[in-house]
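Here is how the chains run, residue by residue.
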Amino acid sequence: MSEQLGPGNRKQGIGQGEATELNSVSKLRLGIPKGSLQDSTIDLFKRAGYLIQADPRSYFPRVDDEELECILIRAQEMARYVEDGVLDAGLTGRDWVVENNAEVVEVADLIYAKQSFGKVRWVLAVPQDSSIAGPQDLEGKVVATELVKATERYLARHGVCAKVEFSWGATEVKPPMLADAIVEVTETGSSLRANKLKIIDTVMESNTILIANRSSWEDAWKREKLCNIKMLLEGAMLAYGKVGLMLNVHQKDLPAVLEILPALKRPTVAELSEPGWLAINTILDEKLVRTIIPKLKQAGAQGLVEYPLNKIVM
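For clarity, every value in this text was computed on a predicted model and none was experimentally measured.

Visitor: For the overall build of the chain, give the residues involved together with the corresponding values.
Guide: Check the secondary structure of the chain and you find ten helices and 16 strands. Counting over 314 residues, the chain shows a buried share of 42%. Long-range contacts, defined as pairs at least 24 residues apart, comprise 68% of the intrachain contacts of the chain with a sequence gap of at least 6. Accessible area for the chain stands at about 17700 Å²; split by element, carbon and sulfur atoms hold 49% of it.

Shown next as structure tokens:
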């Protein structure tokens with residue numbers, strides 16, 4: 001006769017103590033930048049091995065790591081929340097750490113932006129027909145920007161006293177009617193050119209960084225977790241634009257093949273079961289593959305296999 005498992009007669013799969021231990025998994029509260037950096041950040045985490053799924057109606061994305069709790073926060077506010085301990089760590093721009101003068105730990109320097117794997121610039125821009133040639137010409141003028149404190153410090157370094165106004169957006173359209181100049185972030189400068197503005201100086205460069213709360217960084221478990229995340233994110237960035245290439249070659253053709261192959265380090269060469277034949281494994285820029293494969297074939301390579309890379313951990 002089979003045993004009935006009702007509310008009053010149910011077998012426990014684990015003991016009460018074990019259940020408590022399983023339910024008290026350590027958590028790292030991580031801020032993901034909401035807005036322009038959101039998609040590129042989630043894509044980078046995916047290539048690093050973390051699947052983050054953001055719901056447009058929620059500020060709490062799902063993540064396939066029970067030790068992570070992700071929260072969407074605007075990059076402009078991230079440093080403040082990390083400094084205050086609301087978040088253990090977060091990804092934001094170096095510009096916003098400087099703007100908020102936040103006392104946080106810089107865990108990793110991650111050079112990626114909205115459109116590319118590179119830095120962005122906060123630039124001083126004026127109308128194309130403006131007589132303003134540099135910061136020294138801004139005395140008594142109006143400058144519109146979202147980066148108010150950093151701009152004030154920039155002007156002070158040049159000995160200039162100007163009125164710096166906070167801009168809520170659409171900063172490029174404000175000169176010349178609403179401002180004499182602007183300080184705006186740019187990757188390519190195309191938006192500034194489209195609004196008939198010219199760049200006359202660079203206020204600062206910025207890129208995405210992973211920051212941590214000072215107390216959280218002193219916690220051994222959280223520091224190890226962050227260091228592992230850093231390693232995987234940096235590995236994913238290093239693999240960007242690169243592919244792996246495997247091929248077989250006879251011993252006599254090895255020098256000619258090695259002469260063609262670029263690599264992070266010398267290619268891996270291993271003997272095959274068939275005497276005289278070798279297997280080569282290497283990494284190269286994806287854009288070079290179409291020119292290198294025909295050359296390798298001509299040099300005697302056989303069985304060439306190109307494969308994608310998610311991470312390169314040095």
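Visitor: Can you break down the sheet that holds strand β4 (residues 68-74) residue by residue, with the values?
Guide: Read across the sheet, five strands follow the order β4-β1-β5-β12-β6 without closing on themselves; strand pairing throughout is mixed. Sheet topology places β4 and β6 (105-110) at the edges, where each strand pairs with a single neighbour. The sheet shows a mean angle of 25° between the axes of neighbouring strands, direction not considered. Two elements, β6 and strand β12 (residues 208-212), share five bridges in a ladder whose sense is antiparallel. Of the residues in β12, the one forming a bridge with A108 is L210. On the sheet, helix α3 (residues 75-84) packs against β1 (28-34), β4, β5 (89-93) and β12 and is oriented at approximately 130° with respect to β4. Here helix α8 (residues 220-239) sits on the sheet in contact with β1, β4, β5, β6 and β12, set at roughly 15° to β6.

Visitor: How would you summarise the pattern of salt bridges if you had to cite specific residues and measurements?
Guide: Counting across every chain of the model gives 13 salt bridges. Salt-bridge contacts for K242 lead to D285; the nearest nitrogen and oxygen are separated by 3.5 Å. In this pair, K242 is assigned in strand β13 (residues 242-250) and D285 in strand β15 (residues 277-285), connecting sequence segments 43 residues apart. A residue is classified by how much of its surface remains accessible, and D285, at 26% relative accessible area, is partly exposed. Notably, a salt bridge pairs D253 with K252, separated by 3.2 Å at the nearest N-O pair. Three or more residues are tied together by salt bridges with common partners; here these are D65, E67 and K225.

Visitor: Could you give an account of α3, naming the residues involved and the relevant values?
Guide: Regarding α3, the residues found buried are A75, Q76, M78, A79 and V82. Elements in contact with the buried residues of α3: β1, β4, β5, α4 (94-100) and β12. Remark: G85 follows α3 within two positions and exhibits a positive phi of approximately 90°.

Visitor: Account for the packing of helix α2 (residues 38-48) against α8, with residues named and values stated.
Guide: Interhelical geometry of α2 versus α8 gives an angle of 100° and a closest axis separation of 8 Å. Taken together, the axes of α2 and α8 are roughly perpendicular relative to one another. For the pair α2 and α8, the contacting residues are L44, F45, R47 and A48 in the first and I229, L232, L233, A236 and M237 in the second. Residues belonging to the contact of α2 with α8 are distributed by class as follows: eight nonpolar, no polar and one charged.

Visitor: Give me the nonpolar core: which residues, what numbers.
Guide: One finds L30, I32, F45, L91, L110, L210 and I229 to be the most contacted residues of the largest nonpolar core, which totals 29 residues. When residues of this core are assigned to their parent elements, the largest contribution, five residues, is made by α8. Not counting residues up to four positions away in its chain, the partners in contact with L30 are F45, E69, C70, I71, A89, G90, L91 and L210. Membership of the second largest hydrophobic core comes to 19 residues, among which are L147, V160, A181 and V203.

Visitor: Provide a residue-level description of the environment of F166, including the pertinent values.
Guide: In this fold, F166 is placed in strand β9 (residues 163-166). F166 sits in the partly exposed class, given a relative accessible area of 40%. Between the alpha carbons of F166 and L147 there is a distance of 7.5 Å; along the sequence they are 19 residues apart. Setting aside its immediate chain neighbours within four residues, F166 contacts T145, E146 and V148.

Visitor: Can you tell me about helix α5 (residues 148-157), naming the residues and giving the values?
Guide: Residues of α5 that are buried: V148, A150, T151, Y154 and L155. Around the axis of α5, the buried residues are gathered within 165° of arc, so they sit on the same side. In α5, those exposed residues whose orientation departs by more than 90 degrees from the buried face are A156 and R157. Trailing α5 by a residue or two, G159 shows a phi angle of about 70°, which is positive.

What counts and how
- Residues numbered from 1 in each chain as written.
- Predicted model: local features only at pLDDT ≥ 70, side-chain atom pairs only at ≥ 80, totals over all residues.
- Heavy atoms only, no water.
- Helix = DSSP H or I, 4+ residues; strand = E, 2+ residues; numbered from the N terminus.
- Buried < 20%, exposed > 50% of the residue type's maximum accessible area, 1.4 Å probe, protein only.
- Contact = heavy atoms within 4.5 Å.
- Areas by Shrake-Rupley, 256 points an atom, 1.4 Å probe, with all protein chains shown as cover.
- Pairing = 2+ DSSP bridges.
- Axes fitted to C-alpha atoms, helices over the stretch in contact; angles between N-to-C directions.
- Salt bridge = Lys/Arg side-chain N within 4 Å of Asp/Glu carboxyl O.
- Parallel < 35°, antiparallel > 145°, perpendicular 65-115°, else oblique.
- Nonpolar A, V, L, I, M, F, W, Y, C, P; charged D, E, K, R; others polar.
- Core = buried A, V, L, I, M, F, W, Y, C linked by side-chain atoms within 4.5 Å.
- Arc of directions from axis to C-beta.

Function cannot be inferred from these measures alone, as they are strictly geometric.
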